[in-house]
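Geometric and topological summary
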Amino acid sequence: MNPQAKLIFTISLLMGTTITISSNHWVMAWAGLEINTLAILPLISKSHHPRAIEAATKYFLTQAAASALVLFSSMTNAWYTGQWDITQLTHPTSCLVLTTAIAMKLGLVPFHFWFPEVLQGSSLTTGLLLSTIMKLPPIALLYMTSNTLNPTLLTSMAILSAALGGWMGLNQTQIRKILAFSSISHLGWMTIIIVYNPKLTLLNFYLYALMTTAVFLTLNSINALKLSTLMTTWTKTPALSAMLFLTLLSLAGLPPLTGFLPKWLIIQELTKQSMALAAVALSILSLLGLFFYLRLAYCATITLPPHTTNHMKLWHTSKPTSSSISILTTVSATLLPISPLISTMI
């Protein structure tokens, strides 16, 4: 792709996100979401592979339907209450339609079907954008309207997302699909707490984005798309594979790594809200995610030769690891000790 075109699309992406998260008016938020969608489409389909074109088409249709529902929800609310302010969404039908629209935008169960397919058809860098920055505007809208949304509906969708994200990721061999189901599972954790402690949702999203960025950049650096390819990378970049191991375990939420912090705080908050049953359900379902993270980590680091992959061995590389990957992987593994400081901020 032409570098100037790529720059324009990237700037449009940032601009669309900024417009949505900083707007008070529904039409401005909707315009930001539309700019975002139109900016990411060329980045998804840039390889001109049929799979990439299919992914771009699926993404466009889903996001267009979700944007139409956002507009419909805000217009219904304005019709009944005379308010276009995002925080003044009070009409029950509008709240229900908006929850559906944001679930479609994010890929929450039962509107999750598009996300693994789109991620599988994209490159790793585009997949990183879809998993992190494209999730920020819908989460910002959810944050601003959280006090009026139906907590029972959100809790049901959250537990289903955690369950399905774990179950569907178990038998995958494509790394991008595994990360897509991991994203759906993490969204369940973020959604369940949004009504009770919205700042905790944002903290969870920031830490998830940080760890996912580290994983995607590492995989992009070693050029691994399948588990069978990942098995041969230990000979190429041993230090990077060791850090990938820690980052994946952090994403799984194992103590004493960074990923344990949001899960710990969410379980604590759910218990305070007399939702111990939901907390137990989420904790048990996170074991499903732990299984496929361990599988990824095992393929990345513990599968030393001789093993039964048909891939050619990769030569040990002398290319230095990017400093951004080094910083992100270190932070992904070591933030837990400053959790008291982080918890005072929320």
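An unreviewed UniProt entry lists the chain under the name NADH-ubiquinone oxidoreductase chain 2, from Locustella luscinioides. Its UniProt record gives the chain the following Function (unreviewed entry) comment, quoted word for word: "Core subunit of the mitochondrial membrane respiratory chain NADH dehydrogenase (Complex I) which catalyzes electron transfer from NADH through the respiratory chain, using ubiquinone as an electron acceptor. Essential for the catalytic activity and assembly of complex I."

Before going further, it helps to spend a moment on the packing of helix α9 (residues 175-193) against helix α14 (residues 276-302). The geometry of α9 relative to α14 is characterised by a closest axis approach of 11 Å and an angle of 160° between their N-to-C directions. When the interaxial angle is binned, α9 and α14 end up roughly antiparallel. Crossing geometry of α9 relative to α14 is assigned as left-handed. Residues Ile175, Ile178, Ser182, His186, Trp189 and Ile192 of α9 lie in contact with α14, whose contacting residues are Ala278, Leu282, Ser283, Ser286, Phe292, Tyr293 and Leu296. Considering only residue class, the contact of α9 with α14 consists of nine nonpolar, four polar and no charged.

Quick look at empty space enclosed by the protein now. Under the counting rule described, the total for this entry stands at three cavities of 30 Å³ or more. When its volume is computed, the largest cavity comes out at roughly 90 Å³. Residue lining of the largest cavity: 13 residues in total, with Tyr59, Gln63, Lys105, Met134 and Pro138 positioned closest to the centre. In terms of residue count, the dominant contributor to the lining of the largest cavity is helix α2 (residues 26-44) (three residues). Of the residues in the lining of the largest cavity, the class split is eight nonpolar, three polar and two charged.

It is worth spelling out the pattern of salt bridges at this point. Tallied over the entire structure, the rule returns four salt bridges. The shortest N-O distance in the salt bridge between Arg51 and Glu117 comes to 3.4 Å. Taken together, the residues span a long stretch of sequence, with Arg51 in helix α3 (residues 50-81) and Glu117 in helix α5 (residues 114-121) at a distance of 66 residues. Residue Arg51 is classed as partly exposed on the basis of its relative accessible area of 31%. The class for Glu117 is partly exposed, based on a relative accessible area of 24%. It is possible to trace a salt-bridge network through shared partners that takes in Arg51, Glu54, Lys58, Glu117 and Lys177.

Next up on the list: helix α15 (residues 323-334). Taking 1.5 Å as the rise per residue, α15 with twelve residues should run 16 Å; its terminal C-alpha atoms sit 17 Å apart, in good agreement. Those residues of α15 lying buried are Ile325, Leu328, Thr329, Ser332 and Ala333. Projected down its long axis, α15 carries its buried residues within an arc of 125°, all on one side. Of the residues in α15, the exposed ones pointing more than 90 degrees away from the buried face are Ser323 and Ile327. Residues of α15 that are buried make contact with α10 (198-222) and α12 (238-252).

Bringing the nonpolar core into the picture now. Counting residues in hydrophobic clusters, the biggest one holds 94 residues, and the most contacted among them are Tyr59, Leu130, Leu219 and Leu230. With twelve residues, α14 is the single largest residue contributor to this core. Both of domain 1 (1-136) and domain 2 (150-308 + 320-345) provide at least three residues apiece to this core. Residues contacting Leu230, with those up to four places away along its chain left out, are Ile175, Leu219, Ile222, Ala224, Leu244, Leu296, Cys299 and Ala300.

A few words on the domain arrangement of the chain. You can read the domains of the chain as domain 1 (1-136) and domain 2 (150-308 + 320-345). Each partner contributes residues to the interface: domain 1 has 26 residues there, and domain 2 has 28 residues. Around 2,300 Å² of area is buried between domain 1 and domain 2 when both sides are counted, 77% of it from carbon and sulfur atoms. When the area that domain 1 buries against domain 2 is broken down by residue, the three leading residues are Val109, Gln120 and Leu124, summing to 30%. At the boundary of domain 1 with domain 2, the tally comes to one salt bridge. Two residues, Glu117 and Lys177, come together in a salt bridge whose shortest N-O distance is 3.4 Å. If you look at where domain 1 meets domain 2, you find six residue pairs in polar contact (both at pLDDT 80 or more). Sorting the residues of the side of domain 1 that touches domain 2 by element identifies α4 (92-106), α5 and α6 (124-131) as the ones contributing at least two each.

Reading guide: rules and limits
- Residues numbered from 1 in each chain as written.
- Predicted model: local features only at pLDDT ≥ 70, side-chain atom pairs only at ≥ 80, totals over all residues.
- Heavy atoms only, no water.
- UniProt positions renumbered as here; feature names shortened; annotations may be inferred.
- Axes fitted to C-alpha atoms, helices over the stretch in contact; angles between N-to-C directions.
- Helix = DSSP H or I, 4+ residues; strand = E, 2+ residues; numbered from the N terminus.
- Parallel < 35°, antiparallel > 145°, perpendicular 65-115°, else oblique.
- Left-handed = near helix turned anticlockwise from the far one by under 90°.
- Contact = heavy atoms within 4.5 Å.
- Nonpolar A, V, L, I, M, F, W, Y, C, P; charged D, E, K, R; others polar.
- 1 Å grid on protein atoms, 1.4 Å probe; cavity = no way out; pocket = protein on both sides within 12 Å on 5 of 7 lines; lining within 4 Å.
- Points joined across faces, edges and corners; volume = space filled by probe spheres on them.
- Salt bridge = Lys/Arg side-chain N within 4 Å of Asp/Glu carboxyl O.
- Buried < 20%, exposed > 50% of the residue type's maximum accessible area, 1.4 Å probe, protein only.
- Expected span 1.5 Å × (residues − 1).
- Arc of directions from axis to C-beta.
- Core = buried A, V, L, I, M, F, W, Y, C linked by side-chain atoms within 4.5 Å.
- Domains from an automatic or database assignment.
- Buried area = accessible area lost by both parts, 1.4 Å probe.
- Polar contact = N/O pair within 3.5 Å; in protein donor to acceptor, adjacent residues only side chain to side chain.

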